[in-house]
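Per-entry structural report
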Amino acid sequence: MTALSPILARGAEPLRAHRGTELRARSWRAEGLLRMFENVLEVGERPQDLVVYAAIGKAARDWDAAARIATALLELDVADTLVLQSGIPVGTLPTHDGAPLVLSAVNNTVGNWATADRFYDRFAAGQTIWGGLTAAAWQYIGRQGVLAGTYELLGAVAARHFGGRTPEHLRGRWMLTAGMGGMGSSQPISAAILGLSSLTVEADPVKIERLRSAGGLDVVAEDLESALAALHHALDAGEVIAVGLLGNAAETFPAVAERGLVPDVVTDQTAAHDVRFGYLPVGYSLESWAATRESDPQRVERDARASIARQVEAMLALARAGAVVFENGNNLRVQAIASLDDTVPVGRESRESAERRILSIPGFMEGYLRPLFARGIGPFRWVALSGDARDLDRIDAEVSALFPQRPEIAAWIALARQHVPEQGLPARSCWLGLGERSAIAVRVNELVASGELTAPVLFSRDHLDSAGMTHPRIGTEGMRDRSDGVTDWPLLDAMVLSATGADLVAIHSGGGGYAGWMQSTGVSIVADGAASTAQRLTRALDGDSGLGVLRHAQAGYPEAAASAAAGGETCQAPVAWFGRNEGERDA
Ligand code: NAD
């Protein structure tokens, strides 16, 4: 059984995704999804617990469910659809060979019941999971998934504040941040690609060593003095350096502020969204954190919120001193605001004023990336299911040649080839927009059909995409039409993707720390070389990005209206926008 899928060994041995041209399932479409299920566990943070990333983001409910899903995928007919509910396989339904093979819904809960406490109760009882964005939808490709996004983000920060995004503009500049987990470990690498030095704080020595050995850190320090000495030595010499510091961000950030140091950029990517499992409070060791989480989880949560509040106060102080400060998608500000409820304000500022102050730190999407999302440009990705790096080389070359009007695409591919450490099946993340995604997918489908690629290729994206997500403190903060919390768009997206024949469509909602905060849609499609697949790739990928453009046009973004009028970025993808209703107004 194990030979069929390593998942059937139920975590008894280290997991490695199947590679090669041999088909275990009945179709490449099901095989591709199974390889991705295996791959998220190969590259995940704690595969033995099925945890992929983001503190407790899981690939399936438990090992029994995982094994039953793997078996179902091995046996799945292309005219049937496998239905997954919060990480367990429920059954198959007869559909047709142009319909999705897998439909999945994870932890979607009515508004009044979408609370952290209810989630943690059901999670502890094995009744639900937090699927992350890409964990339960089997789209996670390791740190590269967010690496391109962090590169785009830091590039946009540099262009806005430092006069440009080249190494010359960033010479002598540095970023203070924290977190070297599944996603956070992308930060020093993305910064170094741009020529920005970094000091990244991490509480877990194992995570630091993992990133150092992957080439993501130049120096590791155990105290702030040595870290700063290494940093300043490199900056004085005109060199770019990535320094890792073992410590707690809630202590290090204030210490940096108290020294009067002003980093050029300050952010954070600890798993602060989850105050029970994701953020180490001050005064705890990793061991006492785990033990107290069992004995007194409310205390852990309260202490984590208090520590986050300390870190956020330091970030505000650094902003006042001149640093560019933003939140990077981990709900840090929400937790700092929640900590206001844990303390009794005596002669202090009003809650409203404190909340306003905390929210003066911008979210990264509203602050920097919205103009790209408005054009449907976002974190697209593909995975060479063969496991053969030469397949990825070939696709990289195709992409680099396909979009001469947007030279930044070829430039990113060249940088990624040089700097992105390999993890799992060969994969590439690349920010592409409406029309561009389907153009490369159809070209790859031709290469699969002609045998120039050794096996099919899976296309996917982060859920945090133009149409795919609603999160009023991340992807949709500060929308012009005040649609920040409206979940119609990701739900419409799932319908569009199902109607257009994607292979996997998943709708996720928040776990503990994101409870009541997010709704997202994920998509995967396998380019297996069939002519009918080319049609599904075009319809689904254009439908997905097209809806993102329509959403932003409707919300009042002129870039989106222009993109809809032009019918895509560099390639044609017709979108018919009706224009705004007469009554619609911007915020
Ligand atoms: P993770 O759980 O894999 O890693 C979190 C890391 O933070 C761990 O290594 C942990 O040891 C460290 N940490 C926790 N508390 C700390 C503290 N007080 N001081 C120093 N280090 C501490 O999580 P991840 O997958 O890296 O994700 C990080 C966050 O980013 C999550 O909240 C996630 O939801 C969010 N995220 C944002 C984006 C985005 O697009 N911006 C994308 C993905 C994830």
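Not measured: the values here are computed from a predicted model.

Turning our attention to the pairing of strand β17 (residues 519–527). Taken across its nine residues, β17 has nine buried, putting it largely inside the fold. Alternating residues of β17 divide into Q519, T521, V523, I525 and A527 and S520, G522, S524 and V526, and every residue in both groups is buried. Two elements, strand β14 (residues 457–461) and β17, share four bridges in a ladder whose sense is antiparallel. Its bridge partner lying in β17, V457 is registered against A527. The sheet contact formed by strand β15 (residues 469–470) and β17 spans two bridges and is antiparallel. Along β17, the bridge assignment pairs T470 with Q519. Two strands pair when backbone bridges link them, and strand β16 (residues 504–509) and β17 are joined in this way by six bridges, in the antiparallel orientation. Bridge pairing in β17 links V505 to V523.

What follows deals with the UniProt feature "domain: Urocanase N-terminal" (unreviewed entry) in the chain. As annotated in UniProt, the feature "domain: Urocanase N-terminal" (unreviewed entry) corresponds to residues 15–138 in the numbering used here. Between the C-alpha atoms that bound residues 15–138 there is a distance of 14 Å. The span itself is 31% helix and 19% strand.

Turning our attention to the nonpolar core. Counting residues in each nonpolar core, the largest one holds 123 residues, and the members touching the most others are F37, L73, W138, W382 and W412. Per-domain counts for this core show at least three residues from each of domain 1 (143–362) and domain 2 (376–585). In this structure, W138 is in contact with L33, M36, F37, V40, A59, I69, L73, L84 and L504, ignoring residues within four places of it in sequence. If you look at the next biggest cluster of nonpolar residues, it comprises 39 residues, including A234, I241, V325 and I337.

Here we have six strands laid out as an open sheet, ordered β8-β9-β7-β6-β10-β11, and parallel in their pairing. In this open sheet, the two edge strands, each paired with only one partner strand, are β8 (219–221) and β11 (324–325). Most of the contacts of helix α7 (residues 205–213) go to strand β9 (residues 242–246), to which it runs at about 160°, and overall it touches β7 (197–202), β8 and β9. Sitting on the sheet, helix α8 (residues 224–236) is in contact with β6 (174–178), β7, β8 and β9, with an inclination near 165° to β7.

With that settled, the discussion passes to the site of the ligand. Among the 31 residues in the neighbourhood of the ligand, the closest are listed as A55, M183, E202, H273 and Y514. Note that an oxygen atom of the ligand is positioned 2.5 Å from one of the side-chain N or O atoms of E202. Within the contact set of the ligand, an oxygen atom lies 2.6 Å away from a side-chain nitrogen or oxygen of H273. Protein coverage of the free-state accessible area of the ligand, which is 880 Å², stands at 94%. Its residues assigned to classes, the shell around the ligand shows 14 nonpolar, 13 polar and four charged.

Now for the side chain of S438. In this fold, S438 is placed in helix α17 (residues 436–449). In this structure the side chain of S438 is engaged in a polar contact, spanning 3.2 Å, whose partner is the backbone oxygen of G435. Here S438 is in contact with L537, T538, L541 and D542, once residues within four sequence places are set aside.

Reading the values: rules and limits
Residues numbered from 1 in each chain as written. Predicted model: local features only at pLDDT ≥ 70, side-chain atom pairs only at ≥ 80, totals over all residues. Heavy atoms only, no water. Buried < 20%, exposed > 50% of the residue type's maximum accessible area, 1.4 Å probe, protein only. Helix = DSSP H or I, 4+ residues; strand = E, 2+ residues; numbered from the N terminus. Pairing = 2+ DSSP bridges. UniProt positions renumbered as here; feature names shortened; annotations may be inferred. Core = buried A, V, L, I, M, F, W, Y, C linked by side-chain atoms within 4.5 Å. Domains from an automatic or database assignment. Contact = heavy atoms within 4.5 Å. Axes fitted to C-alpha atoms, helices over the stretch in contact; angles between N-to-C directions. Near = heavy atom within 4 Å. Polar contact = N/O pair within 3.5 Å; in protein donor to acceptor, adjacent residues only side chain to side chain. Areas by Shrake-Rupley, 256 points an atom, 1.4 Å probe, with all protein chains shown as cover. Nonpolar A, V, L, I, M, F, W, Y, C, P; charged D, E, K, R; others polar.

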